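Below are the chains, spelled out letter by letter.
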Amino acid sequence: QVQMLESGGGLVQAGGSLRLSCAASGRTFSSSAMGWFRQAPGKERDFVAAMYWSGSNTIYTIYADSVQGRFTFSRDNTKNTVYLHMNSLKPEDTAVYYCATGAPYGRWRYPTAYAYWGPGTQVTVSS
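Below is a short write-up of the structure. Just so you know, these numbers come straight off a predicted model, no measurement behind them. (Residues numbered from 1 in each chain as written. Predicted model: local features only at pLDDT ≥ 70, side-chain atom pairs only at ≥ 80, totals over all residues. Heavy atoms only, no water.)

1. Observations concerning the overall build of the protein
For step 1, the next point in the chain: Check the secondary structure of the protein and you find 0 helices and 11 strands.
For step 2, the next point in the chain: On C-alpha atoms alone, the protein measures out to a radius of gyration of 14 Å, which is about the 14 Å that the 2.2 N^0.38 rule sets for 127 residues.
For step 3, the next point in the chain: With respect to the three principal axes, the spread of C-alpha positions in the protein is 40 × 30 × 30 Å.
For step 4, the next point in the chain: When burial is assessed residue by residue, the protein has 43% of its 127 residues classed as buried.
For step 5, the next point in the chain: The contacts of the protein with a sequence gap of at least 6 include a subset with a gap of at least 24, amounting to 57%. (Helix = DSSP H or I, 4+ residues; strand = E, 2+ residues; numbered from the N terminus. Rg over C-alpha atoms; globule rule 2.2 N^0.38 Å. Buried < 20%, exposed > 50% of the residue type's maximum accessible area, 1.4 Å probe, protein only. Contact = heavy atoms within 4.5 Å.)

So, in structure tokens, the structure goes:
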């Protein structure tokens, strides 16, 4: 059974920073693609970032245009944990943030492609 658990959310002023964590268990974490998504009230769940491996064993990260240059995705395989470092936060970044895994290759931007999800952590950015 795969389990994911996010933490690190909270209330921050615009321009501030937060680091979200996602601890995973129950599968071979080190080679699994991982994704971050967010969902604001009344809106669909949107792609934020993903990390995956290519056939050459190179790690790639991709980001939504809205967070490119402000958010950074990292991982620590020794802790089975991934991180989303969020800088220069804006009020429009306010949402529940989710981590996920289990998407087939190439489908990292699509929430419906992911098999396993955490319960989410709330991020609120005040203006």
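2. Description of the state of the cysteines
For step 1, the next point in the chain: Going through the model one piece at a time under the given rule, you end up with 1 disulfide.
For step 2, the next point in the chain: Residue Cys22 pairs covalently with Cys99 via a disulfide, S to S 1.9 Å. On the sign convention where negative means left-handed, the S-S torsion of about 60° between Cys22 and Cys99 marks this disulfide as right-handed. Here Cys99 lies in strand β9 (residues 95-101) and Cys22 lies in strand β3 (residues 18-25), a separation of 77 residues in the sequence.
For step 3, the next point in the chain: For Cys99, a relative accessible area of 0% puts it in the buried group. (Disulfide = S-S within 2.5 Å.)

3. Some words on the side chain of Thr81
For step 1, the next point in the chain: Examined against the element boundaries, Thr81 turns out to sit in strand β8 (residues 81-86).
For step 2, the next point in the chain: Residue classification places Thr81 among the buried positions, given a relative accessible area of 9%.
For step 3, the next point in the chain: There is a polar contact of 2.8 Å between the side chain of Thr81 and the backbone oxygen of Lys79. (Polar contact = N/O pair within 3.5 Å; in protein donor to acceptor, adjacent residues only side chain to side chain.)

4. Comments concerning the nonpolar core
For step 1, the next point in the chain: Trp36, Val48, Phe71, Phe73, Leu84, Met86 and Tyr97 are the most contacted members of the largest nonpolar core, which has 37 residues in total.
For step 2, the next point in the chain: No other element matches the 6 residues that strand β5 (residues 46-53) contributes to this core.
For step 3, the next point in the chain: Contact partners of Val48, with chain neighbours within four places excluded, come to Trp36, Phe37, Arg38, Ile62, Tyr63, Ala64, Val67, Phe71, Leu84 and Tyr97. (Core = buried A, V, L, I, M, F, W, Y, C linked by side-chain atoms within 4.5 Å.)

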